[in-house]
Amino acid sequence: MIIITKKLIALDLDGTTLNDNGQISPQTRATIKQAAEAGCIVSLVTGRPNRLSENFYDDLHLKTPMINFNGNLGILPHQEWSREYQYTIDKQIVMELLAKSKQLGLSLIAVEGRDLFLANKGIKSGFGFFPSTLKTNQILSQKSLRDNPISITVEVKPELKAGLIEFVETQFGDQVEVSPWGGPHPIVEIATKGVHKSTGLKFLADYYGILQKDIIAFGDEGNDATMMAYAGTGVAMKNAIPSIKALADDVTSYTNEEDGVARYLQEHLDLAVSQ
């Protein structure tokens with residue numbers, strides 16, 4: 001099967017490409033491989049840091065740039081790349097949050113970059129994203145944080161979350177924006193103002209010379225909204241939150257647990273996949 005028009009396929013990870021066990025199924029892996037062989041450009045566009053997504057990139061045998069931290073980092077994994085970009089935050093904001101952590105109700109403050117991970121403590125319920133025990137060189141302090149981070153992630157007492165958001169927006173709203181995580185966790189992420197997944201998707205489209213109408217973007221949560229709106233075809237997962245389904249151009253007939261991405265691509269790109 002030959003695809004005449006080259007498509008850029010942007011894949012969110014959690015709740016989209018990954019099943020509920022946080023894995024890529026054989027059917028999804030085979031379908032993405034077939035899409036790439038048919039001439040499509042497949043890229044991961046995820047809120048995850050690169051340290052927690054390069055394994056999936058490798059599993060899918062991708063060679064394309066990867067977008068991390070909700071559009072704040074664009075890299076070619078495992079190598080230096082002249083087109084790599086990143087948006088960072090003034091580290092003094094981190095110091096201010098550390099100084100006021102008790103007052104703001106912050107139990108965790110973690111900062112990350114491409115090759116950076118520091119936190120004020122380990123977290124027993126790390127949700128698979130944060131280590132429960134920190135190494136000596138991972139402890140966050142004024143001395144250890146030498147470079148501006150890409151992302152600040154904090155765990156806040158649920159009853160104080162609104163106050164934290166108001167504090168950050170009042171003090172640093174011209175520099176950063178606050179994004180509460182989806183799901184049950186009282187986690188808030190702080191990153192550069194005005195940078196979203198659409199930033200990374202536009203970068204990919206420009207890099208490859210792909211028109212917006214030839215972009216297909218899959219997502220399920222609020223952080224996918226901008227890239228789905230930017231894409232010619234924004235596809236919400238069957239398991240997506242209602243607001244994402246409402247803005248989507250299409251909705252998969254199957255959930256992430258049922259190979260929703262793979263089945264959609266097989267149908268709409270007429271892919272014949274053998275696992």
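In this report, the structure presented in the accompanying data block is examined. (Residues numbered from 1 in each chain as written. Predicted model: local features only at pLDDT ≥ 70, side-chain atom pairs only at ≥ 80, totals over all residues. Heavy atoms only, no water.)

1. Some details on the overall build of the chain
The helix and strand inventory of the chain stands at ten helices and 13 strands. Computed over the C-alpha atoms, the radius of gyration of the chain is 19 Å, within 12% of the 19 Å expected from 2.2 N^0.38 for a compact globule of 275 residues. The principal-axis extents of the C-alpha atoms in the chain amount to approximately 60 × 40 × 35 Å. If you take every contact in the chain between residues at least 6 apart in sequence, the share linking residues at least 24 apart comes to 56%. (Helix = DSSP H or I, 4+ residues; strand = E, 2+ residues; numbered from the N terminus. Rg over C-alpha atoms; globule rule 2.2 N^0.38 Å. Contact = heavy atoms within 4.5 Å.)

2. Topic: the sheet that holds strand β7 (residues 116-119)
Across the sheet, which stays open at both edges, the five strands sit in the order β7-β6-β8-β10-β9 with antiparallel pairing between neighbours. The open sheet has two free edges, formed respectively by β7 and β9 (176-180), since each of these has just one partner strand. Within this sheet the neighbouring strands show an average axis-to-axis angle of 20 degrees, counted without direction. Where helix α4 (residues 91-99) meets the sheet, its contacts fall on β6 (106-113), β8 (151-156), β9 and β10 (187-192), and the angle it forms with β6 comes to roughly 165 degrees. Against the sheet, helix α6 (residues 161-172) contacts β6, β8, β9 and β10, and its axis sits at roughly 165 degrees relative to β9. (Pairing = 2+ DSSP bridges. Axes fitted to C-alpha atoms, helices over the stretch in contact; angles between N-to-C directions.)

3. A look at the packing of helix α2 (residues 26-37) against helix α10 (residues 260-268)
Axis separation between α2 and α10 bottoms out at 8 Å; the angle between their running directions is 40 degrees. In the packing of α2 onto α10, the handedness of the crossing is left-handed. Of the residues in α10, those in contact with Gln27, Thr28 and Thr31 of α2 are Ala262, Arg263, Leu265 and Gln266. (Left-handed = near helix turned anticlockwise from the far one by under 90°.)

4. Looking at the side chain of Lys197
Along the polypeptide, Lys197 turns up in helix α7 (residues 197-208). Reaching out from Lys197, the side chain makes a polar contact with the side chain of Asp224 at a distance of 2.5 Å. (Polar contact = N/O pair within 3.5 Å; in protein donor to acceptor, adjacent residues only side chain to side chain.)

5. Structural notes on the sheet that holds strand β3 (residues 66-68)
Reading across the sheet, the three strands line up as β3-β4-β5 and stay open at both edges, with antiparallel pairing between neighbours. Looking at the sheet topology across the chains shown, the edges are occupied by β3 and β5 (85-86). In this sheet, strand β4 (residues 73-75) lies alongside β3 in antiparallel orientation, the contact comprising three bridges. Across the sheet, Asn68 pairs through a bridge with Leu73, a residue of β4.

6. Concerning unusual backbone geometry
Glycine aside, the phi torsion of most residues is negative, and most peptide linkages are trans. Positive phi, close to 50 degrees, is recorded for Phe69, a residue that is not glycine. Judged by its relative accessible area of 2%, Phe69 falls in the buried class. Of note, Asn70 is a non-glycine position whose phi angle comes to about 55 degrees, a positive value. (Buried < 20%, exposed > 50% of the residue type's maximum accessible area, 1.4 Å probe, protein only.)

7. Quick word on α2
Compared with the 16 Å implied by 1.5 Å per residue over twelve residues, the 16 Å span of α2 between its first and last C-alpha is a close match. Those residues of α2 that fall on the buried side of the exposure criterion are Gln27, Thr28, Ala30, Thr31, Ile32 and Ala35. Buried residues in α2 make contact with β1 (8-11), α1 (13-17), β2 (41-44) and α10. Positioned one or two residues after α2, Gly39 has a phi angle of 110 degrees, which is positive. (Expected span 1.5 Å × (residues − 1).)

8. Re the pattern of salt bridges
The full count for this structure, using the stated rule, is eleven salt bridges. In this structure, Asp14 and Arg48 form a salt bridge, with 2.7 Å as the shortest nitrogen-oxygen distance. Placement of the pair is Asp14 in helix α1 and Arg48 in the loop between β2 and α3 (54-59), with a sequence separation of 34 residues. Overall, the relative accessible area of 12% leaves Arg48 in the buried class. (Salt bridge = Lys/Arg side-chain N within 4 Å of Asp/Glu carboxyl O.)

9. Things to note about the side chain of Asn256
Assignment of secondary structure puts Asn256 in the loop between β13 (250-251) and α10. The class for Asn256 is buried, based on a relative accessible area of 7%. Among the polar contacts listed, one links the side chain of Asn256 to the backbone oxygen of Leu18, at a separation of 3.0 Å. Discounting residues that sit within four places of it in the chain, Asn256 has contacts with Gly15, Thr16, Leu18, Asn19, Asp20, Met237 and Asn239.

10. Observations concerning the packing of aromatic side chains
On inspection of all chains with the given rule, the structure shows eight aromatic pairs. Geometrically, the ring pair formed by Tyr85 and Tyr87 is edge-to-face, given 5.7 Å between the ring centres and 70 degrees between the ring planes. Given a relative accessible area of 14%, Tyr85 falls into the buried group. For Tyr87, a relative accessible area of 34% translates into the label partly exposed. Grouped by ring-pair contacts, the aromatic residues Trp81, Tyr85, Tyr87, Phe203, Tyr207 and Tyr208 constitute a single cluster. Above the plane of the ring of Tyr254 lies Arg263, whose end atom (NZ or CZ) is 4.0 Å from the centre. (Phe/Tyr/Trp six-rings, centres within 6.5 Å; stacked < 30°, edge-to-face > 60°. Lys NZ or Arg CZ within 6 Å of the ring centre and 35° of its normal.)

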